[in-house]
Amino acid sequence: MNSYIETKDILKKYNIVANKKLGQNFLINDEVIDNIIKASNVNKNDLIIEIGPGLGTLTKRLLDNAGKVVCIELDTRMINILNERFKFYNNFELINEDVLKVDLHKLIKDNKNSNILNVKIVANLPYYITTPIIMKLLEDKLNIESITVMVQKEVADRLVDVPGGKNSGAITYAINYYTKPQKIIDVLNTSFIPAPEVNSSVIKLNVLNKPSVEVADEELLFKIIKIAFMQKRKTLLNALTNGKLASKEQIERMLTDLKIDLKIRGEKLTLEDFAKISDYVSKN
Ligand code: SAM
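Just so we're clear, the structure is a prediction, and the values are computed from it rather than from any experiment.

Turning our attention to the packing of helix α2 (residues 30-40) against helix α3 (residues 57-65). When two helices pack together, their arrangement is captured by the angle between the axes and the distance separating the axes. Where α2 contacts α3, the axes come no closer than 10 Å and their chain directions differ by 40°. In this view, α2 runs oblique relative to α3, as classed from their interaxial angle. In the packing of α2 onto α3, the handedness of the crossing is right-handed. Judged by residue contacts, Ile33, Asp34, Ile36 and Ile37 of α2 engage Thr57, Leu58, Arg61, Leu62 and Asn65 from α3. For the contact of α2 with α3, a count of residues per class yields five nonpolar, two polar and two charged.

One can read the domain layout of the protein as domain 1 (3-207) and domain 2 (218-283). On a C-alpha basis, the centroid separation for the pair domain 1 and domain 2 is 35 Å. In this assembly, 11 residues from domain 1 lie in contact with 12 residues from domain 2. Buried area between domain 1 and domain 2, summed over both chains or domains, comes out near 890 Å², and the portion from carbon and sulfur atoms is 64%. Looking only at domain 1, the three residues that lose the most surface to domain 2 are Ala170, Tyr173 and Tyr177, adding up to 58% of its buried area. Notably, a salt bridge pairs Lys141 with Glu218, separated by 2.7 Å at the nearest N-O pair.

With that settled, the discussion passes to the site of the ligand. Lining the immediate surroundings of the ligand are 22 residues, of which Leu27, Gly52, Glu73, Asn124 and Tyr128 lie closest. Pro53 places a polar main-chain atom, nitrogen or oxygen, 3.3 Å from a nitrogen atom of the ligand. Measuring from an oxygen atom of the ligand, one finds a side-chain N or O atom of Glu73 at 2.6 Å. Taken together, the elements giving at least two residues each to the shell around the ligand come down to β1 (26-27) and β3 (68-73). Of the residues that constitute the shell around the ligand, the class distribution is 11 nonpolar, six polar and five charged.

Moving on, we come to the pairing of strand β4 (residues 92-96). In this sheet, β4 lies alongside β3 in parallel orientation, the contact comprising five bridges. Its bridge partner lying in β4, Cys71 is registered against Leu94. Following the chain from β3 across helix α4 (residues 76-85) to the adjacent parallel β4, one finds a crossover that is right-handed.

Along an α-helix, a turn takes 3.6 residues, which lines up residues three or four apart on a common side. Counting buried positions along helix α8 (residues 170-178) yields eight of nine residues, so the element is predominantly enclosed. Listed in full, the buried residues belonging to α8 are Ile171, Thr172, Tyr173, Ala174, Ile175, Asn176, Tyr177 and Tyr178. Those residues of α8 that are buried lie in contact with α6 (130-139), α7 (153-160), β7 (179-187), β9 (200-207), α9 (218-230) and α12 (271-283).

To continue, consider the packing of aromatic side chains. All chains considered together, the criterion is met by seven aromatic pairs. Ring centres of Tyr177 and Phe222 lie 5.2 Å apart, and the angle between their planes is 90°; this geometry places the pair in the edge-to-face category. Taken together, the residues span a long stretch of sequence, with Tyr177 in helix α8 and Phe222 in helix α9 at a distance of 45 residues. Each member of the pair, Tyr177 as well as Phe222, carries the same accessibility label: buried. Taken together, a centroid distance of 6.1 Å and an interplanar angle of 15° make the contact between Tyr178 and Phe222 stacked. Of this pair, Tyr178 sits in helix α8 while Phe222 sits in helix α9; the two residues are 44 residues apart in sequence, bridging distant segments of the chain.

The next thing to look at is the pattern of salt bridges. This structure, assessed with the given rule, holds 16 salt bridges. The partner of Lys120 in a salt bridge is Asp46, with the nearest N and O atoms 2.7 Å apart. Of this pair, Lys120 sits in strand β5 (residues 118-124) while Asp46 sits in strand β2 (residues 46-51), placing them 74 residues apart in sequence. Note on Asp46: relative accessible area 0%, which makes it buried. Notably, a salt bridge pairs Lys136 with Asp140, separated by 3.6 Å at the nearest N-O pair. Taking the relative accessible area as the measure of exposure, Lys136 reaches 15% and is therefore buried. Taken together, the shared-partner salt bridges connect Lys153, Asp157, Lys183 and Asp186 into one network.

Criteria and thresholds
Residues numbered from 1 in each chain as written. Predicted model: local features only at pLDDT ≥ 70, side-chain atom pairs only at ≥ 80, totals over all residues. Heavy atoms only, no water. Axes fitted to C-alpha atoms, helices over the stretch in contact; angles between N-to-C directions. Helix = DSSP H or I, 4+ residues; strand = E, 2+ residues; numbered from the N terminus. Parallel < 35°, antiparallel > 145°, perpendicular 65-115°, else oblique. Left-handed = near helix turned anticlockwise from the far one by under 90°. Contact = heavy atoms within 4.5 Å. Nonpolar A, V, L, I, M, F, W, Y, C, P; charged D, E, K, R; others polar. Domains from an automatic or database assignment. Buried area = accessible area lost by both parts, 1.4 Å probe. Salt bridge = Lys/Arg side-chain N within 4 Å of Asp/Glu carboxyl O. Near = heavy atom within 4 Å. Polar contact = N/O pair within 3.5 Å; in protein donor to acceptor, adjacent residues only side chain to side chain. Pairing = 2+ DSSP bridges. Right-handed = clockwise from strand over helix to strand, strands pointing away. Buried < 20%, exposed > 50% of the residue type's maximum accessible area, 1.4 Å probe, protein only. Phe/Tyr/Trp six-rings, centres within 6.5 Å; stacked < 30°, edge-to-face > 60°.

Right, dumping it as structure tokens:
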């Protein structure tokens, strides 16, 4: 049965109306599901953590291919449906919780065994909390190989851009610090029920063994990037001064010492440039 008919049937059987506040747009395009499965390269040695399984469309394909699938779903209405649908799978586990509150280190530790070699995150994310979820996955420094997720196209373009690129924002730097990002496929809004207002993309974040640049104080690095992007139309000098990183004279001296143009805007800087600034501030 194709996922469009399956989804319609389940919605009718359980009398479910999608909850917009929870970002519920159910995937009904089998080709897109094939692409997600292929891109995540899911296999029997994988522990897959799926965020927001919803009615279980993607979950079913993950269960057929992975060693173990642990799903985290906030909407209690989905819990009965998923438990009923996957009762014959012994590699299925479901957690009824807000993903932002789940201790993912513990979850991974509890599910690691000799058959599990890799941990991967796969999800059609709820769009209202895309950024907090991705940042949690990265900042928690989980021992995971990759994150393959559907997000809004506009967000995807920002996440996979190079730092300093035309779509880049503060988050682009964080993504490129922790991962090597890649766009997998653009997805039309007609691939979901109900159709969201915007188009989407599947992206894959290949998590690096160690961050792409070395920096003494990671927190300071991201604080500086945030300040620079809060006023991205201003020069870096003015943005950092207004953000009270230091006095204008001190910032001028720092940029001169680091051979960074005093007129440059923060959005033009590379991750290495920000790392240099961060290390300079740490030392002085
Ligand atoms: N995976 C399903 C699919 O592809 O059809 C549903 C994806 S839908 C875009 C997002 C899912 O995330 C919904 O099932 C929603 O209930 C769930 N969700 C929303 N907020 C959540 C949260 N904070 N924690 C866990 N799941 C959440």
